[in-house]
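As a plain string of letters, each chain reads:
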Amino acid sequence: MLDYNALAAVSAVIREGSFDSAARKLNITASAVSQRVRGYEDRLGALLIIRGQPCRPTELGQALVTHLDRVHLLEAEIPHLSFASGPLSPPEVTLRIAVNADSLATWFPGAISRFAMKEGICLDLLVEDETCTADRLRSGEVIAAITAQTEPVPGCSSIQLGGMQYVACATPDFAAQYFRTGGTAAEFQEAPCICFDRDDGLEARWLHALHKTDLPRRIHYVPSTHGFLDFTLNSFGWGLQPHALVDRYLSQGNLIEIVPGHRLTVDLHWVIPRFKNKLLNDLTLHLKNECDLYSFLDQNTNRPEI
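The model shown is predicted, which means the values in this text are computed figures rather than measured ones. (Residues numbered from 1 in each chain as written. Predicted model: local features only at pLDDT ≥ 70, side-chain atom pairs only at ≥ 80, totals over all residues. Heavy atoms only, no water.)

S.K.: Can you walk me through the overall build of the protein chain in this structure?
M.R.: Each helix and strand counted, the protein chain has 13 helices and 14 strands in total. Across the protein chain, contacts joining residues at least 24 apart in sequence account for 70% of those joining residues at least 6 apart. The protein chain carries 27 positive and 36 negative side-chain charges, and their two centres are separated by 3 Å. (Helix = DSSP H or I, 4+ residues; strand = E, 2+ residues; numbered from the N terminus. Contact = heavy atoms within 4.5 Å. Lys, Arg positive; Asp, Glu negative; His and termini not counted. Charge placed at Lys NZ, Arg CZ, Asp CG, Glu CD.)

S.K.: What am I meant to see in the packing of aromatic side chains here?
M.R.: Remark: the centre distance and the inter-plane angle together describe each pair of aromatic rings, the angle taken between the planes. Within this structure, the stated rule accounts for 8 aromatic pairs. Where Phe 188 meets Trp 206, the ring centres are 5.4 Å apart and the plane angle is 70°; that geometry is what we call edge-to-face. Here Trp 206 lies in helix α10 (residues 202–211) and Phe 188 lies in helix α9 (residues 185–190), a separation of 18 residues in the sequence. Both residues of the pair, Phe 188 and Trp 206, count as buried. Each member of the aromatic cluster is reached from another via a ring pair, and the members are Phe 174, Tyr 178, Phe 179, Phe 188, Trp 206 and Trp 238. Above the face of the Tyr 221 ring, Arg 198 is positioned so that its terminal group lies 4.0 Å from the ring centre. (Phe/Tyr/Trp six-rings, centres within 6.5 Å; stacked < 30°, edge-to-face > 60°. Buried < 20%, exposed > 50% of the residue type's maximum accessible area, 1.4 Å probe, protein only. Lys NZ or Arg CZ within 6 Å of the ring centre and 35° of its normal.)

S.K.: Whenever I open this one, the pattern of salt bridges confuses me. Can you help?
M.R.: As a working rule, side chains carrying opposite charge can pair if their charged atoms are close by. Applying the stated criterion across every chain yields a total of 10 salt bridges. Between Arg 96 and Asp 124 there is a salt bridge, with its nearest N and O atoms 2.8 Å apart. Of the two residues, Arg 96 sits in strand β5 (residues 94–100) while Asp 124 sits in strand β6 (residues 122–128), which places them 28 residues apart along the sequence. On the basis of relative accessible area, Asp 124 is assigned to the partly exposed category, the value being 24%. Glu 141 is the salt-bridge partner of Arg 136, the closest N and O atoms lying 2.8 Å from each other. (Salt bridge = Lys/Arg side-chain N within 4 Å of Asp/Glu carboxyl O.)

S.K.: Please explain helix α2 (residues 19–26) as it appears in this structure.
M.R.: Among the residues of α2, those classed as buried are Phe 19, Ser 21, Ala 22 and Ala 23. Summarising the contacts, the buried residues of α2 are in contact with α1 (4–16) and α3 (30–44). Just beyond α2, the residue with positive phi is Asn 27, at close to 60°.

S.K.: Where do I start with the pairing of strand β7 (residues 144–147) in this structure?
M.R.: Side-chain direction in a regular strand flips from residue to residue, so the side chains alternate between the two faces of the sheet. Side-chain alternation along β7 places Ala 144 and Ile 146 on one buried face and Ala 145 and Thr 147 on a second face that is also buried. Pairing of β7 with strand β13 (residues 264–273) involves 3 bridges; the strand directions are antiparallel. Bridge pairing in β13 places Ile 146 opposite Trp 270. (Pairing = 2+ DSSP bridges.)

S.K.: What is the right way to look at unusual backbone geometry in this model?
M.R.: Leave glycine aside and you will find that most residues have negative phi; peptide bonds, for their part, are mostly trans. Following Gln 53, the chain continues into Pro 54 via a peptide bond in cis, with omega recorded as 5°. Counting through the fold element by element, Pro 54 comes out in the loop between β1 (49–50) and β2 (56–57). Positioned with a positive phi, Asn 27 is a non-glycine residue whose angle comes to about 60°. Among the residues examined, Asn 27 registers a relative accessible area of 72% and is labelled exposed. Backbone geometry places Lys 212, a non-glycine residue, at a positive phi of 55°. Assignment of secondary structure puts Lys 212 in the loop between α10 and β10 (219–221).

S.K.: Please explain the environment of Glu 141 as it appears in this structure.
M.R.: Topologically, Glu 141 is positioned in the loop between α7 (133–138) and β7. Leave out the neighbours within four places in its chain, and Glu 141 touches Arg 15, Gln 62, Arg 96, Leu 126 and Arg 136. One polar contact links Glu 141 to Arg 136, side chain to side chain, over a distance of 2.8 Å. Here the side chain of Glu 141 touches Ser 139 through a polar contact of 2.7 Å, side chain to side chain. (Polar contact = N/O pair within 3.5 Å; in protein donor to acceptor, adjacent residues only side chain to side chain.)

S.K.: Explanation requested: the state of the cysteines in the structure shown.
M.R.: Two cysteines joined by a covalent bond between their sulfur atoms form a disulfide. For the coordinates displayed, the defined rule picks out 0 disulfides. Cysteine Cys 156 shares no disulfide, and the gap to the nearest cysteine sulfur, in Cys 132, comes to 17 Å. Exposure remark for Cys 156: the relative accessible area of 9% places this residue in the buried category. (Disulfide = S-S within 2.5 Å.)

S.K.: Can you walk me through α1 in this structure?
M.R.: The periodicity of an α-helix, 3.6 residues per turn, causes residues three or four positions apart to be oriented the same way. Helix length check: α1 (13 residues) gives 18 Å between terminal C-alpha atoms against 18 Å at 1.5 Å per residue, within 8%. Restricting attention to buried positions, one finds in α1 the residues Ala 6, Leu 7, Ala 9, Val 10, Ser 11, Ala 12, Val 13 and Ile 14. Capping of α1 at its N-terminal end is provided by Asp 3; its side-chain oxygen lies 3.2 Å from the backbone amide nitrogen of Asn 5. At the exit of α1 stands Gly 17, carrying a positive phi of roughly 95°. (Expected span 1.5 Å × (residues − 1).)

This is the structure we're talking about:
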């Protein structure tokens, strides 16, 4: 049988990044955490944690932590029990979710906060590009993900939430300097572009669909949704912005749409393990209902059911 006290120590070190931080999380000494982890590794005859800054899991360590996460979800379904010695407190549940930065900057906080407060759960969010979040689910680092990837994740169900619309924006001053004739292929090759990071392919997809050309040589990488917007507002470059985030700037004239009507829609999917769990199923239904309220998500009436 698995030693869940030892597994809790392993999980804390991996999630907190160090033995000292894990000790604070578990309210024990760092020495006690180290002894539990080392003792369990000795019993299993395998390394579970790669020591470093931060500490990282081995493949076996990650598999065991993923198993522990699922056990906590199952324990949360056990009815609240009372004994002569007093009530048994329900286990603390933390949902570790991979989410793309643009969702985190727009609709996701409002959508999930109400559910988390009602259910009394904690969130541990891992922010990634929408094309990479499903990889975190495949590796077992998270229990659910919001992703733009359409490739199936083994053992998981995918529910389409809607489409997030992006607008290619720049300030009027930037457009006057670089897009004098409305955004030709040659002009885009000269205009500095802003991308979220090197995994971000939105600008490349948009530009290829418009002019069948690649990104320009001059690219700025700004891995923050609000930072990306701030740099754009400071005429540092052009880039694709979530329409929900920049609608008021477009209305006020702080930003303009470089090529009006030529927008990009990214379909977002909610991916969760296929094993039955009431908390995850309830969260899935909640997110689907919440997304129906957001006008910037283009809904698909043929979305698959849970």
